[in-house]
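Okay, here's what each chain looks like letter by letter:
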Amino acid sequence: MPAGFDDAAAGGSHRAPIWRDAGLSVVAVDELEYPGFCRVVWNGHVKEMTDLPPADRARVMDAVWQVELAQREVMRPEKVNLASFGNMTPHVHWHVIPRYLDDAHFPNPTWAVAQRAAAPEVLAARRALLPQLHAAIVRRLGGA
């Protein structure tokens, strides 16, 4: 995990990075109700986006947009939520969350009270797409 990044405080556990270079990592978030949830994390400890030089800010946002595009291509969500909070983990990172009309919280934020239980077979079908999603992210960001 990137230096200074508190995974538990950020709200979940990560698997191994999907993609990584010297500046950024894209990690899958192990969130049962939200297959495809990813975080784009700046590897060095930086508290705010504006602490980064403009070129690095642009790199972070391009990675966020590439992850969103991969999610839209593979997962076909109704909407993609993008969020950068950092209150619990003051470290530059973006949440990229595919959302569906039938997800547990839609149309509310994922941290709100659940509106319904997502169907297990639907979640299983979405989880089955994760290898394709991860490959699409790698392809879009460059790399093996």
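Residues numbered from 1 in each chain as written. Predicted model: local features only at pLDDT ≥ 70, side-chain atom pairs only at ≥ 80, totals over all residues. Heavy atoms only, no water.

## Quick word on the overall build of the protein
Working step 1: Along the protein, the regular secondary structure elements total three helices and five strands.
Working step 2: Secondary structure of the protein in N-to-C order comes out as β-β-β-α-β-β-α-α.
Working step 3: In the protein, which comprises 144 residues, the proportion classed as buried is 47%.
Working step 4: Taking the contacts inside the protein whose residues are at least 6 apart along the sequence as the reference set, 55% of them involve residues at least 24 apart. (Helix = DSSP H or I, 4+ residues; strand = E, 2+ residues; numbered from the N terminus. Buried < 20%, exposed > 50% of the residue type's maximum accessible area, 1.4 Å probe, protein only. Contact = heavy atoms within 4.5 Å.)

## Points about helix H1 (residues 54–75)
Working step 1: Counted at 1.5 Å a residue, the expected span for H1 with its 22 residues is 32 Å, and the 31 Å between its end C-alpha atoms agrees.
Working step 2: The set of residues buried in H1 consists of Val60, Met61, Ala63, Val64, Gln66, Val67, Glu68, Ala70, Gln71, Val74 and Met75. (Expected span 1.5 Å × (residues − 1).)

## A few points about the environment of leucine 129
Working step 1: By the secondary structure assignment, leucine 129 is in the loop between helix H2 (120–128) and helix H3 (130–141).
Working step 2: Separated by 54 residues in the primary sequence, leucine 129 and methionine 75 place their C-alpha atoms 6.8 Å from one another.
Working step 3: Contacts of leucine 129, omitting those with residues within four sequence positions, involve Val74 and Met75.

## Examining the pattern of salt bridges
Working step 1: Under the defined criterion, the tally for this structure stands at five salt bridges.
Working step 2: What you see here is one network of salt bridges that share partners, running through Glu73, Arg139 and Arg140. (Salt bridge = Lys/Arg side-chain N within 4 Å of Asp/Glu carboxyl O.)

## Considerations on the confidence of the model for the protein
Working step 1: Of all residues in the protein, 89% attain a pLDDT of 70 or more, and the chain-wide mean is 90.
Working step 2: In the predicted structure, residues 1–11 sits below a pLDDT of 50 and forms 34 contacts with residues beyond four places in sequence or in another chain. (pLDDT = per-residue confidence, 0-100.)

## Observations regarding the packing of aromatic side chains
Two aromatic rings are characterised by how far apart their centres lie and by the angle between their planes.
Working step 1: In the structure shown here, the tally under the stated rule is one aromatic pair.
Working step 2: Taking 5.3 Å as the distance between ring centres and 90 degrees as the angle between the ring planes, the aromatic pair formed by phenylalanine 85 and tryptophan 111 counts as edge-to-face. In this pair, phenylalanine 85 is assigned in the loop between strand S4 (79–83) and strand S5 (93–99) and tryptophan 111 in the loop between S5 and H2, connecting sequence segments 26 residues apart.
Working step 3: Over the aromatic face of tyrosine 100 sits the side chain of arginine 126, whose NZ or CZ is 3.5 Å from the ring centroid. (Phe/Tyr/Trp six-rings, centres within 6.5 Å; stacked < 30°, edge-to-face > 60°. Lys NZ or Arg CZ within 6 Å of the ring centre and 35° of its normal.)

## Things to note about unusual backbone geometry
Working step 1: With an omega of 10 degrees, the peptide bond running from phenylalanine 106 to proline 107 counts as cis.
Working step 2: Checked against the element boundaries, proline 107 lands in the loop between S5 and H2.
Working step 3: For arginine 76, which is not glycine, the phi torsion reads 55 degrees and is therefore positive.
Working step 4: With respect to the helices and strands, the residue arginine 76 is situated in the loop between H1 and S4.

## Quick word on the nonpolar core
Working step 1: Counting residues in hydrophobic clusters, the biggest one holds 30 residues, and the most contacted among them are Val26, Val40, Val60 and Ile137.
Working step 2: Looking at this core, the elements with two or more residues in it are strand S1 (14–20), strand S2 (24–29), strand S3 (38–42), H1, S5 and H3.
Working step 3: Of all the elements, H1 adds the most residues to this core, at eight residues.
Working step 4: If we skip the residues at most four places from it in the chain, isoleucine 137 touches Ile18, Val26, Cys38, Val67 and Ala70. (Core = buried A, V, L, I, M, F, W, Y, C linked by side-chain atoms within 4.5 Å.)

## Some thoughts on the environment of tryptophan 65
Working step 1: Turning to its location among the elements, tryptophan 65 is positioned in helix H1.
Working step 2: In this structure the C-alpha to C-alpha distance between tryptophan 65 and arginine 140, which are 75 residues apart in sequence, comes to 9.9 Å.

## Overview of the side chain of histidine 105
Working step 1: With respect to the helices, strands and loops of the structure, histidine 105 is situated in the loop between S5 and H2.
Working step 2: What makes histidine 105 buried here is its relative accessible area of 10%.
Working step 3: Ignoring anything within four residues of it in the chain, the contact list for histidine 105 reads Tyr34, Arg99, Thr110, Ala112, Val113, Ala114, Gln115 and Arg116.

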